[in-house]
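Chain by chain, the residues run as shown.
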Amino acid sequence: SLSIIANPIYWESRSATPLVTGLAKDEHTPISAVSYSVDGGPWRLLDAVDGIYDSRAETFRFALPPIKRRGTHTLDIQAKDGAGNIGIRQIRFVR
């Protein structure tokens, strides 16, 4: 089964860009892609931390784009494996 573990969104300071880290893993098939979307916007493909998606567990790390509107937001993280299975993790956060 395909799963996504996301760590809490981390701000270094009030004006810093928030960082997101986590792990996408599958018991049987290598991960082939990880992407994210903020507040229902377009999906943005992430580069693999180690340079290539080729194993059953892949670490991801990215900085969220600037978020101007204060309030509650939704971050969706999507992982896909080599068999075409998709897993999605949704995180709500306040800015």
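The present account deals with the structure reproduced in this document.

## Structural notes on the overall build of the protein chain
No. 1: Looking only at helices and strands, one finds zero helices and seven strands in the protein chain.
No. 2: Computed over the C-alpha atoms, the radius of gyration of the protein chain is 13 Å, within 12% of the 12 Å expected from 2.2 N^0.38 for a compact globule of 95 residues.
No. 3: Taking the principal axes of the C-alpha coordinates as reference, the protein chain spans close to 40 × 25 × 20 Å.
No. 4: With 95 residues in all, the protein chain has 38% of them scored as buried.
No. 5: Within the protein chain, contacts between residues at least 6 apart in sequence are counted, and of these 57% link residues at least 24 apart.
No. 6: Carbon and sulfur atoms provide 49% of the accessible area of the protein chain, an area that totals close to 5800 Å².
No. 7: Counting 12 positive and 10 negative side-chain charges, the protein chain places the centres of these two groups 13 Å from one another.

## Looking at the sheet that holds strand 5 (residues 57-63)
No. 1: Sheet architecture is open: three strands sit in the order 1-2-5, paired in antiparallel fashion. Looking at strand neighbours, the two that pair on one side only are strand 1 (2-6) and strand 5, the edges of this open sheet. Across the sheet, the mean angle separating the axes of adjacent strands is 20° when strand polarity is ignored.
No. 2: Pairing analysis gives seven bridges linking strand 2 (residues 19-26) to strand 5, with the strands arranged antiparallel. From the neighbouring strand, Leu 19 faces strand 5, where its bridge partner is Ala 63.

## Structural notes on the packing of aromatic side chains
No. 1: Under the counting rule described, the total for this entry stands at two aromatic pairs.
No. 2: Seen from their ring centres, Tyr 36 and Phe 62 are 4.2 Å apart, and the 15° between their planes marks the pair as stacked. Here Tyr 36 is found in strand 3 (residues 31-38), whereas its partner Phe 62 is found in strand 5, with 26 residues between them in sequence.
No. 3: An aromatic cluster is built from Tyr 36, Phe 60 and Phe 62, whose rings are joined through pairwise contacts.

## Some remarks on a nonpolar patch on the surface
No. 1: Together, Trp 43, Ile 86 and Ile 88 make up an exposed nonpolar region whose accessible area comes to about 320 Å².
No. 2: Mapped onto the secondary structure, Ile 86 falls in strand 7 (residues 86-94).

## With respect to the nonpolar core
No. 1: Val 20, Val 34, Phe 60, Phe 62, Leu 64, Leu 75 and Ile 77 are the most contacted members of the largest nonpolar core, which has 22 residues in total.
No. 2: Listing elements by their share of this core, those giving two or more residues are strand 1, strand 2, strand 3, strand 5, strand 6 (72-81) and strand 7.

## As for the pattern of salt bridges
No. 1: Per the counting criterion, the structure on display carries one salt bridge.
No. 2: Of the charged contacts in the structure, one is a salt bridge between Arg 69 and Asp 39, with a shortest N-O distance of 3.7 Å. Residue Arg 69 is located in the loop between strand 5 and strand 6, and its partner Asp 39 is located in the loop between strand 3 and strand 4 (44-45); the two are separated by 30 residues in the primary sequence.
No. 3: Taking relative accessible area as the criterion, Arg 69 reaches 49% and is therefore assigned partly exposed.
No. 4: We classify Asp 39 as partly exposed; its relative accessible area is 37%.

## A look at the pairing of strand 2
No. 1: Residues Val 20, Gly 22, Ala 24 and Asp 26 of strand 2 are buried on one face, while the alternating residues Leu 19, Thr 21, Leu 23 and Lys 25, pointing to the opposite face, are not.
No. 2: Looking at chain direction, strand 1 and strand 2 are connected through five bridges and run antiparallel. Its bridge partner being in strand 2, Ala 6 is matched across the sheet by Gly 22.

So, how was this worked out
Residues numbered from 1 in each chain as written. Predicted model: local features only at pLDDT ≥ 70, side-chain atom pairs only at ≥ 80, totals over all residues. Heavy atoms only, no water. Helix = DSSP H or I, 4+ residues; strand = E, 2+ residues; numbered from the N terminus. Rg over C-alpha atoms; globule rule 2.2 N^0.38 Å. Buried < 20%, exposed > 50% of the residue type's maximum accessible area, 1.4 Å probe, protein only. Contact = heavy atoms within 4.5 Å. Areas by Shrake-Rupley, 256 points an atom, 1.4 Å probe, with all protein chains shown as cover. Lys, Arg positive; Asp, Glu negative; His and termini not counted. Charge placed at Lys NZ, Arg CZ, Asp CG, Glu CD. Pairing = 2+ DSSP bridges. Axes fitted to C-alpha atoms, helices over the stretch in contact; angles between N-to-C directions. Phe/Tyr/Trp six-rings, centres within 6.5 Å; stacked < 30°, edge-to-face > 60°. Patch = residues over 30% accessible without salt bridge, like charges linked within 9 Å, V, L, I, M, F, W, Y side chains within 5 Å. Salt bridge = Lys/Arg side-chain N within 4 Å of Asp/Glu carboxyl O. Core = buried A, V, L, I, M, F, W, Y, C linked by side-chain atoms within 4.5 Å.

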